[in-house]
Every structure is written in structure tokens, then in C-alpha cells.
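# Observations on the model geometry
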2 protein chains.
Amino acid sequence: MTDEYPSILLSNAVDQMASLPGVGRKTALRLVLSLLRRDEQSVEAFAGSFIKLKKEIHYCKQCHNISDRDLCPICSSARRDRQLICVVENIRDVMSIEQTGQYNGLYHVLGGIISPLDGIGPKDIEADSLVNRIAEEDIREVILALPTTMEGDTTTFYLYRRLMSVGDNADKLKISQLARGVAIGNDLEFTDELTLGRSIINRTEYTG
Amino acid sequence: MTDEYPSILLSNAVDQMASLPGVGRKTALRLVLSLLRRDEQSVEAFAGSFIKLKKEIHYCKQCHNISDRDLCPICSSARRDRQLICVVENIRDVMSIEQTGQYNGLYHVLGGIISPLDGIGPKDIEADSLVNRIAEEDIREVILALPTTMEGDTTTFYLYRRLMSVGDNADKLKISQLARGVAIGNDLEFTDELTLGRSIINRTEYTG
């Protein structure tokens, strides 16, 4: 394999670049050669940013979102509704929901979802810490915003059962999930029948 | 922009990843998060490979190909035809030709092609060093294997004129270019008319 490249240094760099998910060896070579055309300072800034990220990153001790400090900007914000928690799989979901501008509560990042096939069980995700938050803080509603896959549904059901058994929650804690339905801008004919069925059952009143 | 991400460290790393050609910010985030899931040693190996490449790489003093030493493995090989030079734009072209297994001569990597629109003139590519090689070494044939674009054709014509004026080369140096024609596996209807026209003019005898 190293024989393919005129240099072992180049070969190593291409191997590393191609270790990124979805980056093939041809693309990796193109990217590495583009780095090689930069000056040394620029390459050091490129490489250094990943080392610095890995070494210095914190995870918010409350919601487990990525953060520069012990508490993330969302958890430490005074303008957030602290009685509302949205449970998501990963930090990309936090960013997606933040970008909608429609949510003003806090988050809880599980860091994964239950997937027996991948060997990920309830102990591998931040489920216990979620239960503790519900038990210790004054939470009005938990939104379970997990993927609409079998793994996501399994995790949603697991968390629902755990949360309902916390103290006297069955009475006062509201547990919700994201609305399922026809995507905005989608034709009905391109909507799968499960989703379309759910959108009929859960139809909302049209108020003009 | 940094407000989009929960961490400045993450934002910086995404900026750096997205500075690679063809990598958008969504992809960059996905790649950076995949790095963050690795252990520290693995991230250091990833980042270090690019710094090491930039700091320690050599360019072959003869053909200007990338190399771990002053002379690249091809130029220092005893099994190569030293009277034959293939002139290419960049090191990826060297690799492409090497992978065909059809070429046994040396190379000359220009490091670019003449492109007035991009401000790249004859002085910005390894043209003088090519002329010197032809003047000083015993070269039988030069293959100008440049892209079939306007810039490539301009560079080919420029080099042809320079090489023909070296010493008494007009008599003994053969200058050739890659055959143009219908790509193997291509239907005629998908071949552009310029290429198809050239392939009729330059037809080769069919020997069964």
C-alpha cells in the first residue's frame, strides 16, 4: 500500500485522512495535497485545532452537551425555561433544535441510543443522570426528541418507563415527543404510509 | 458564527476542517465529532501526520515529485529508462500513470500549468528545470502528458517551443503527447465530437 505513494510521510497522512468516516483514499489524497500547499503555520493551526479540542473540551456536567466550561452556555443562561428538558441523542441534535429558534428550555444529551445490535445498552447512555435530574430538580415537562427509528423508539419507551417511576412523577411530570407528520413542503404521495397514517390520527384543528 | 456551536474549541476545529476544499460545514462538524469520539492518542496521530508531512517532506531535486529523500524512488531506481521523461502537472498524475503499469521512464512534475487567468506564468512552474534536464542529460523522448484543457494545451505548446530550441534537439529529441481518442468502455454517442473527430484522424491499424 505504501508503494502506491512516493513517500511514507504522504502515505501516513493519507491513511489518517482516509480514517475519517466517508472519506475515501482518492479524496484523502486530494485533501492532504491541498494541506501540503499551505504554509507550515497554517498546517499547524489545522492540526492543532483538533488536538486542542480533544484535550481541552468539557462536557456540561448538567446536560452533557459539549462545552468550554463545566456548565454549557444553555444550562447557565438565565433566559432559559429551567422546568423544561429536551432529551436528544447527540450534540448535533441540540444544534438542529437551537437553529429552529422554537425552543427555550434546557437539554439532556444521551450520547447515544439503546441499540442491542451495536452493544449499546441503557448503562452506556446518560439515562441515570437524566433520572437524577428529574428527581432532584423541579421539572415540568420532558420532551423525548429521539430518532424515529426502532432504536429511537426503544430508547423513548425505556426512558418513559424510568421517568414515570421517579417519585410521584406519574401525577405531575408531562412527557412528550416530537410531532410526527407530513414534512412541510412535501407532497402527500412522497410521504410514507406510516407517517401519513399518523398525521391523520393526530390531525390538528385548522384555524384559518 | 461561534454562537452556532456550544464551544469555541469546537467552532475552531469545524472552521479548520471546513477549510479543506470541498468540505462543507455540516460535513466538517460530522468529521470533527467523529475525531472527538476517538482517544487522545489517536487524535494526536491524526493531527501529527499532517504536521510531520509538512515539516519533513522533500521534493525530488531531479523530477520535483514528492519524496522522503532528496531523490525520489523513481529517479533513483536502476530499472527505469533514464532517456525517457514524462512531463506532468502534479504528483497525482505521477501516481495515476504509475498505476497503469505501462510506463517505465522518469517524470518531471511541473507543479502547475500556465494559466494567465490564475496569474500562473512560465516562471511559476518547473519549466526551466525541465529545459536544464534536457540540456544536461541524454534524453531520447519527452512525453508532454498535460491536461487536455486550454491551459494544458498552452503549456504543452510553450514547453514544445522551449525544448525544440535546446542545443541541437530539433534533430534528435522526440517530443510526444498522450493519445486522444474514445475512452475504453465508452459508447461513441457519449464521446464529444472533438475527441471523436481526433480519434478518426488518428485512427490506428486494426491487426485483429
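The shown structure was predicted, so the numbers you read here are calculated from the model rather than taken from an experiment.

### A few points about the overall build of chain A
Within chain A one finds eight helices and six strands. Helices and strands appear in chain A in the N-to-C order α-α-α-β-β-β-α-β-α-β-α-α-β-α. The C-alpha atoms of chain A give a radius of gyration of 22 Å, which is well past the 17 Å a tight globule of 208 residues would have. In terms of overall dimensions, chain A has a C-alpha envelope of 70 × 45 × 40 Å along the principal axes. Out of the 208 residues in chain A, the part that is buried amounts to 28%. The contacts of chain A with a sequence gap of at least 6 include a subset with a gap of at least 24, amounting to 42%.

### Description of the domain arrangement of chain A
Looking at the assigned domains, one finds that chain A contains domain 1 (2-56) and domain 2 (82-177). A separation of 37 Å is found between the C-alpha centroids of domain 1 of chain A and domain 2 of chain A.

### Topic: the relation of the copies chain A and chain B
Superposing chain A onto chain B takes a rotation of 180° plus a shift of 0.1 Å along the axis, which leaves an RMSD of 0.1 Å. One copy is carried onto the other by what is essentially a two-fold rotation axis. Identified as the residue of chain A closest to the rotation axis by C-alpha distance is Ala47(A), at 2.2 Å. The fraction of interface residues of chain A whose copies in chain B are also interface residues reaches 100%, indicating that both copies meet through the same surface.

### Some thoughts on the interface of chain A and chain B
Contact with chain A, which involves 44 residues of that partner, is made by 44 residues of chain B. Listing elements by their share of the side of chain A that touches chain B, those giving two or more residues are helix H1 (8-18), helix H2 (25-36), helix H3 (40-56), strand S2 (66-67) and helix H4 (91-100) of chain A. A total of 15 residues in the side of chain A that touches chain B trace back to one element, the largest contributor, which is H3(A). For the side of chain A that touches chain B, the residue count by class is 26 nonpolar, nine polar and nine charged.

### Examining the sheet that holds strand S5 (residues 141-144) of chain A
All names here are of chain A. Strand order in this open sheet of four strands is S4-S3-S5-S6, and the pairing throughout is parallel. Pairing within the sheet leaves two strands with one partner each, and these edge strands are strand S4 (105-109) and strand S6 (174-177). Mean inter-strand twist for the sheet, computed between neighbouring axes without regard to direction, equals 25°. Bridging between strand S3 (residues 81-88) and S5 involves four bridges; their strand directions are parallel. Bridge pairing links Ile-85 to Val-142 in S5. Of the strands in this sheet, S3, S5 and S6 touch helix H6 (residues 150-164), which is tilted by about 165° from S5.

### Re H2(A)
All names here are of chain A. When the terminal C-alpha atoms of H2 are compared, their 16 Å separation across 12 residues agrees well with the 16 Å that a helix rising 1.5 Å per residue should span. Taken as a whole, H2 has its buried residues at Leu-29, Leu-31, Val-32 and Leu-35. Mapping the buried residues of H2 onto a view down its axis gives an arc of 170°, with all of them on the same face.

### Concerning the packing of H1(A) against H2(A)
All names here are of chain A. Contact pair H1 / H2: the axes reach a minimum separation of 8 Å and the direction vectors enclose 120°. Comparing the axis directions of H1 and H2 gives the class oblique. Here the hand of the crossing between H1 and H2 comes out right-handed. Together, Leu-10, Ala-13, Val-14, Met-17 and Ala-18 of H1 and Arg-25, Ala-28, Leu-29, Leu-31 and Val-32 of H2 make up the contact between the two elements. Its residues assigned to classes, the contact of H1 with H2 shows nine nonpolar, no polar and one charged.

### Re the nonpolar core
Ranked by internal contacts, the top residues of the largest apolar core, which has 92 residues, are Val87(A), Tyr107(A), Val87(B) and Tyr107(B). If near-sequence neighbours (up to four positions away) are discounted, Val87(A) is found in contact with His108(A), Leu110(A), Leu130(A), Val142(A), Ile143(A), Leu144(A), Ala145(A), Leu146(A) and Leu159(A).

### What about the environment of Leu53(B)?
Here Leu53(B) lies in helix H3 (residues 40-56). A residue is classified by how many C-beta atoms lie within 10 Å of it, and Leu53(B), with 25 of them, is buried. Here the alpha-carbon distance between Leu53(B) and Asp68(B), two residues 15 residues apart in the chain, equals 9.3 Å. Discounting chain neighbours no more than four positions away, the residues touching Leu53(B) are Leu9(A), Leu10(A), Ala13(A) and Leu36(A).

### With respect to the sheet that holds strand S6 (residues 174-177) of chain B
Note: strands within a sheet are paired through backbone hydrogen bonds, in either parallel or antiparallel orientation. Residue and element names in this part refer to chain B. Pairing is parallel across the open sheet formed by four strands, whose spatial order is S4-S3-S5-S6. Among the strands making up the open sheet, the edge pair consists of strand S4 (105-109) and S6. Here the strands of the sheet are splayed against their neighbours by 25° on average, with no regard to which way each runs. Relative to S4, strand S3 (residues 81-88) runs parallel, the two being bridged by five bridges. Residue Ile-85 lies in a different strand from S4, and its bridge partner there is Leu-106.

What counts and how
- Residues numbered from 1 in each chain as written.
- Chains lettered and ligands numbered in written order.
- Predicted model: local features only at pLDDT ≥ 70, side-chain atom pairs only at ≥ 80, totals over all residues.
- Helix = DSSP H or I, 4+ residues; strand = E, 2+ residues; numbered from the N terminus.
- Rg over C-alpha atoms; globule rule 2.2 N^0.38 Å.
- Buried ≥ 20, exposed ≤ 12 C-beta atoms within 10 Å, placed from the backbone.
- Contact = placed C-beta atoms within 7 Å.
- Domains from an automatic or database assignment.
- Least-squares fit on C-alpha atoms with pLDDT ≥ 70 in both.
- Nonpolar A, V, L, I, M, F, W, Y, C, P; charged D, E, K, R; others polar.
- Pairing = 2+ DSSP bridges.
- Axes fitted to C-alpha atoms, helices over the stretch in contact; angles between N-to-C directions.
- Expected span 1.5 Å × (residues − 1).
- Arc of directions from axis to C-beta.
- Parallel < 35°, antiparallel > 145°, perpendicular 65-115°, else oblique.
- Left-handed = near helix turned anticlockwise from the far one by under 90°.
- Core = buried A, V, L, I, M, F, W, Y, C linked by C-beta atoms within 7 Å.

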